[in-house]
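Structural features, examined
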Amino acid sequence: MEQVLATTLRSAAPLVLVAMAGVFAFRAGIFHLGLEGLMISGAFTTVAIGDATGSVGLGILAAIGVCMTLSAVYWWVIGPLGANVIIAGLGLTSIGLGGTAFALGAIFDIRGSMFTDVVLPRPVRGATSGPGVIISEHSILVWITPLIVLVAWIVLRRSRFGLRLAAVGEYPFAARSAGVNPSIVRLQALLISGALCALGGAELSVGTLRNFTENMTNGRGFIAFVAVIFGAWHPIGAALAGLFFGFADAIGIQSQINITERVPREFVLMIPFVLTIFAVWLGGLWRRRTLEAEAGYAELREPDY
Amino acid sequence: MTVPSGPASAEVPAVRCRSLGVSFGTVQALHDISLDLAAGRIHALVGQNGAGKTTLAKVLGGLQAPDNGTVCIAGNQIPPGDVRAAKSAGLAMVHQHFSLPPSFTVAEALELTAARPESHSVYRRTELYRRWQNEVAEVGGTNVLATRIRDLPVETRQSLEIVRALVSEARILLLDEPTALLTPAATDTLFERLRGLRDDGVTILIVLHKLREVAAVADTVSVLRDGKLVLGPSEISGVSQGQLSDAIVGPAPDTDRAIAVEAATDVEQQLLLELVRVSSRESAFEPGLASIDLTVEAREIVGIAGVEGNGQRSLVSVIAGLSAVTEGSVLLGGEEVTRAPPARRRLRGLRLVPFDRNSEGISRSAPLWLNQSALRLIGRRRQFPLISLRQYKRQASEAMDLWRVRYNTVAQPAESLSGGNVQRLVLSRELASGLEVLVAAQPTRGLDFSATNFVRSSLRGLRDAGAGVLLVSSDLDELFELSDRLLVMYGGSIVARFNAPYDRQAVGDAMTGALR
Ligand SMILES: Nc1ncnc2c1ncn2[C@@H]1O[C@H](COP(=O)(O)OP(=O)(O)OP(=O)(O)O)[C@@H](O)[C@H]1O
Ligand SMILES: [Mg+2]
């Protein structure tokens, strides 16, 4: 049991971080399907630069820089160039997945996985049994994640910037008539989103593990996006959804270890995804009333980007 | 001529624009407009639907960049399409369409649009409520602060837009049809407030349709026709009503056209719409219906009077099938439809002009022809599944031409129409063949006066052709002029029934609940 909870926290941290990235974008009116691509770019850059400099801090800074740059490019493509948001987002994901695999081969001449010695500090370690296991061996990013969620909540729900962001996402005309430039606000949201994806990727590669593997995000960017929708694009809601998906993942991992003799492995691997679908369905039922009430207003969105 | 009191009348004009031009595709919305608005006065701007009033106001407010021409506010030239520059020059605007995000609470919306620079960038909720409680006291009490914009009735939303503009302590106020949604009493209050602001030196530009209101509040009047400034700004005292309406309509005046709608009523059927002891649940801002009995027969117009928020909205949505009936039954042409979905009721000949044309009447992003054909498509349930787009588009453009909708192509999205033209689009769809009962909520809202007359004569024409009409309006004159019978709603029930000729005093008493 303690082991499941500990694994839940570790699995959930990158999901929650990337879900926060998704919430920022979603509230600015951007259906961000490029999260996966940013996340894997963050994971790769952390390992590559961290290994080269020997400093995990520098690695993470570089990852943040790369992901923010990619986000700015994404903004430029969907904003000034007017490309379709969803297609461009999927493109970003493909570039991230393909680009990191290519760079791994081209720069380091490695196929598959690249191992490294750099790792994030782990404030509490050493417990092997009892409740201590739950909080032991987590990277510093796992510890910081709740703080990031709190800050995201304050920024989005209790600050004037958050109001401008939500206005841009919901009804750009309202934002424009309040003197806000929707395009700039979208850029700001995407930059924040990029930085958070970099952290999520870093946690994945040097938080629990010490390597970068091709396609190591394995759909986590999309699951984080589902968490955004499931959590009603509220930072706390999305974080709880991320935690839940982390839990589903942990159950999958645990049962893989315990019951693989009796149940087919593939079935066990399905558990997190089945739970996810079920949860999304439940969430849909629960929110149907509000969605119906909003149907008429969805029309207010101006197609101006 | 002596200029009435106004401290700053001899100085630079508050607003000066030179040869403004705006076009949307092939439509020239504004054509070479040059205009000076003297400071400290109330300027009215009038014109037909689609004349370019909203476009002009948006250009002045920086929301629409002009193709050519310049705008100066208090002597300083404003970069084209720069809302912030216009704002910091002291200009505030009340839009014809709502400009507040629907999911925001009232407090959040005010904080977004009207926040003062000294407030912090991070806030606490209680702090917001405290900051805005005085401002909203008059639009529905302080408990309104935590309500979401989308849950407010349109009238309250409109008042809120005005509040929002007034709290910014602007020196120049642009109001685009602010009275379209207000009751006569609220209109008087607004005008009183505007006069007070003018006496403090604020310059006001107000878009109006009713010449009565122009005469009541304005110092000068300007007329737009087809994107050109054809009159003014001239002192209101120097222009007669006749001159004004000639300027608005132009050399080829609208003759009173007869409505070409044939109602599909068979003569035997007398009782078209019947509500038997109908109750419904209350909504955020309205009482539910409390055991309402109501009939609409063939060949009659039944008027519903009442102060806004006394259940009129619930009544319309219960008849339309948009909200649930808790008790009682609704019958259309003798058939029970209490639980029938809206489409079934449509097929039974029910037509609806909803309160909020923009969120309930049209799909803003859909093309005009699709909006116009929606009813014909519903009617096709059991027919051959393929349709001819050409034919649908042609029918749509014929119907819209009948209603003189000003549009470019049938493929343009409905949101690109001017406010009054959206209303005409809704009417052109609903007042078409197959109509047996029409529920018309504020059908003349936002229409210019020739269109208003057209709607009124159409309603009479429908009645004479055998249809039944339920007319919900906040304009007592309109109700008195059109209704064969008049019912007054108060607190979710019908408290009084009148027959023509109407006694204004008695109706007014019933509306305030004095008869209870
Ligand atoms: N975004 C747009 N795209 C295309 N045409 C537009 C757009 N906005 C306005 N128009 C057209 O410009 C003309 C002027 O519109 P405007 O909204 O200024 O009229 P208005 O005088 O305010 O009318 P109303 O009394 O109906 O509100 C109309 O013919 C309208 O169809
Ligand atoms: Mg207008």
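Residues numbered from 1 in each chain as written. Chains lettered and ligands numbered in written order. Predicted model: local features only at pLDDT ≥ 70, side-chain atom pairs only at ≥ 80, totals over all residues. Heavy atoms only, no water.

1. Quick notes on the overall build of chain B
Looking only at helices and strands, one finds 17 helices and 20 strands in chain B. A compact globule built from 516 residues would reach a C-alpha radius of gyration of about 24 Å, and chain B, at 24 Å, matches this within 12%. Taking the principal axes of the C-alpha coordinates as reference, chain B spans close to 70 × 50 × 45 Å. Burial status across chain B gives 56% buried among its 516 residues. Contacts in chain B between residues at least 24 apart in sequence constitute 67% of all its contacts with a sequence separation of at least 6. As displayed, chain B offers around 21300 Å² of accessible surface, 50% of which is attributable to carbon and sulfur atoms. For chain B, the distance from the average site of its 56 positive side-chain charges to the average site of its 57 negative ones is 5 Å. (Helix = DSSP H or I, 4+ residues; strand = E, 2+ residues; numbered from the N terminus. Rg over C-alpha atoms; globule rule 2.2 N^0.38 Å. Buried < 20%, exposed > 50% of the residue type's maximum accessible area, 1.4 Å probe, protein only. Contact = heavy atoms within 4.5 Å. Areas by Shrake-Rupley, 256 points an atom, 1.4 Å probe, with all protein chains shown as cover. Lys, Arg positive; Asp, Glu negative; His and termini not counted. Charge placed at Lys NZ, Arg CZ, Asp CG, Glu CD.)

2. Topic: the pattern of salt bridges
All names here are of chain B. In this structure the tally under the stated criterion is 31 salt bridges over all chains. The salt bridge involving Asp477 is made with Arg504; its shortest N-O contact spans 2.5 Å. Highlighted residues: Asp477 in helix α16 (residues 476-482) and Arg504 in helix α17 (residues 504-511), separated in sequence by 27 residues. Residue class for Asp477 comes out partly exposed when judged on its relative accessible area of 38%. Residue classification places Arg504 among the partly exposed positions, given a relative accessible area of 46%. (Salt bridge = Lys/Arg side-chain N within 4 Å of Asp/Glu carboxyl O.)

3. Here's the deal with the coordination of the magnesium ion (ligand 2)
Residues and elements named next belong to chain B. Protein coordination at the magnesium ion (ligand 2): the donors are Thr54 (OG1) and Gln96 (OE1), at 2.0 to 2.1 Å from the metal. Here Thr54 is found in helix α1 (residues 53-61), whereas its partner Gln96 is found in the loop between β6 (91-94) and α3 (106-114), with 42 residues between them in sequence. Judged by its relative accessible area of 12%, Gln96 is buried. (Donors = N, O, S within 2.8 Å, 3.2 Å for Na, K, Ca; no water.)

4. A short note on the interface of chain B and chain A
Of the residues lining the interface, 34 residues belong to chain B; the matching set on chain A comes to 24 residues. Buried area between chain B and chain A, summed over both chains or domains, comes out near 2700 Å², and the portion from carbon and sulfur atoms is 55%. The three residues of chain B that bury the most area against chain A are Leu112, Tyr123 and Arg150 of chain B, which together make up 21% of that side's buried surface. For Glu108 of chain B, the salt bridge is made with Arg157 of chain A, and the minimal N-O distance between the two is 3.6 Å. Counting only elements with at least two residues in the side of chain B that touches chain A, the list comes to α2 (83-88) and α3 of chain B. Ranked by residue count, the leading element in the side of chain B that touches chain A is α3 of chain B, at 4 residues. Its residues assigned to classes, the side of chain B that touches chain A comprises 12 nonpolar, 10 polar and 12 charged. (Buried area = accessible area lost by both parts, 1.4 Å probe. Nonpolar A, V, L, I, M, F, W, Y, C, P; charged D, E, K, R; others polar.)

5. Topic: the domain arrangement of chain B
All names here are of chain B. Parsing chain B into structural domains produces domain 1 (15-249) and domain 2 (271-378 + 386-512). Between domain 1 and domain 2, the contact holds 30 residues from the first and 24 residues from the second. Of the roughly 2100 Å² buried between domain 1 and domain 2 on both sides combined, carbon and sulfur atoms contribute 51%. In this assembly, domain 1 and domain 2 are joined by 2 salt bridges. One salt bridge connects Arg406 with Asp226, and the closest N-O pair in it is separated by 2.8 Å. Inspection of the domain 1/domain 2 interface yields 5 residue pairs in polar contact (both at pLDDT 80 or more). Of all the elements in the fold, those that place two or more residues in the side of domain 1 that touches domain 2 are α5 (154-167), α7 (211-217) and α8 (241-249). Looking at the side of domain 1 that touches domain 2 residue by residue, the classes come out as 12 nonpolar, 11 polar and 7 charged. (Domains from an automatic or database assignment. Polar contact = N/O pair within 3.5 Å; in protein donor to acceptor, adjacent residues only side chain to side chain.)

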